[in-house]
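One-letter residues, chain by chain:
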Amino acid sequence: EVQLVESGGGLVQAGGSLRLSCAASGFNFDDYVIGWFRQAPGKEREGVSCISNSDGIGYYADSMKARFTISIDNARSTVYLQMNSLNPEDTAVYYCAAYSPLGQCGLEVYEYDYWGQGTQVTVSS
């Protein structure tokens, strides 16, 4: 019943932009944090950004602060990740995930209970 569905990935040239979407269903969206993670081939999954309805403020991994922006559309139960100035190091499968927090959203994989299937982002040089 719980579903998180990512979309918006694709192939983009270095310096370009993409906007990813995460559509949530099957749970009370307003009570959850939504996070974005990514996993490149041969590397561990890492946190990118997260947002909570409790404050509506996005939080970012240090390397993404200047280039990525997370936003939320409560009416559509959808979270977006705007990615600008992409470089080949951003190539990865991007996942959205959800959990019910007791405080500020986090960027640790273990905190999250539900995961989407991922969407591939490939940045060419």
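See above for the structure.
The following refers to the structure shown.

The rules we used
Residues numbered from 1 in each chain as written. Predicted model: local features only at pLDDT ≥ 70, side-chain atom pairs only at ≥ 80, totals over all residues. Heavy atoms only, no water. Pairing = 2+ DSSP bridges. Helix = DSSP H or I, 4+ residues; strand = E, 2+ residues; numbered from the N terminus. Axes fitted to C-alpha atoms, helices over the stretch in contact; angles between N-to-C directions. Salt bridge = Lys/Arg side-chain N within 4 Å of Asp/Glu carboxyl O. Buried < 20%, exposed > 50% of the residue type's maximum accessible area, 1.4 Å probe, protein only. Polar contact = N/O pair within 3.5 Å; in protein donor to acceptor, adjacent residues only side chain to side chain. Contact = heavy atoms within 4.5 Å.

1. What about the sheet that holds strand 8 (residues 78-83)?
Here is step 1: Taken in spatial order, the four strands of this open sheet run 1-3-8-7, and their pairing is antiparallel. A single partner strand is all that each edge strand has here, and the edge strands are strand 1 (3-7) and strand 7 (68-73). Neighbour to neighbour, the strand axes of the sheet diverge by 15° on average, direction disregarded.
Here is step 2: Note that strand 3 (residues 18-25) and strand 8 share six bridges and pair antiparallel. Directly across from Cys-22, in strand 8, lies its bridge partner Val-79.

2. A closer look at the pattern of salt bridges
Here is step 1: Within the structure shown, the criterion is met by five salt bridges.
Here is step 2: Between Asp-62 and Lys-65 there is a salt bridge whose closest N-O contact spans 3.1 Å.
Here is step 3: The class of Asp-62 is exposed, set by a relative accessible area of 62%.
Here is step 4: Two residues, Asp-90 and Arg-67, come together in a salt bridge whose shortest N-O distance is 2.7 Å. Taken as a pair, Asp-90 in the loop between strand 8 and strand 9 (92-99) and Arg-67 in the loop between strand 6 (58-60) and strand 7 lie far apart in primary sequence, 23 residues in all. For the pair shown, Asp-90 and Arg-67 are each scored as buried.

3. Re the side chain of Thr-78
Here is step 1: The residue Thr-78 is located in strand 8 in this model.
Here is step 2: For Thr-78, the side chain forms a polar contact with the main-chain oxygen of Arg-76, separated by 2.9 Å.
Here is step 3: If sequence neighbours within four positions are ignored, Thr-78 has contacts with Ser-21, Cys-22, Ala-23, Phe-29, Ser-71, Ile-72 and Asp-73.

4. What to know about the pairing of strand 5 (residues 46-52)
Successive residues of a regular strand alternate their side chains across the two faces of the sheet.
Here is step 1: Within strand 5, six of the seven residues are buried, leaving the element largely enclosed by the surrounding structure.
Here is step 2: If you look at the hairpin formed by strand 4 (residues 33-39) and strand 5, you'll find six residues sitting between the two strands, and Gly-42 has a positive phi there, around 75°.
Here is step 3: Across three bridges, the pairing between strand 5 and strand 6 is antiparallel. Looking at strand 6, one finds that Ile-51 is bridged to Gly-58.
Here is step 4: Once strand 5 ends, the chain turns through five residues before running back antiparallel as strand 6, passing Gly-56 with a positive phi of about 70°.

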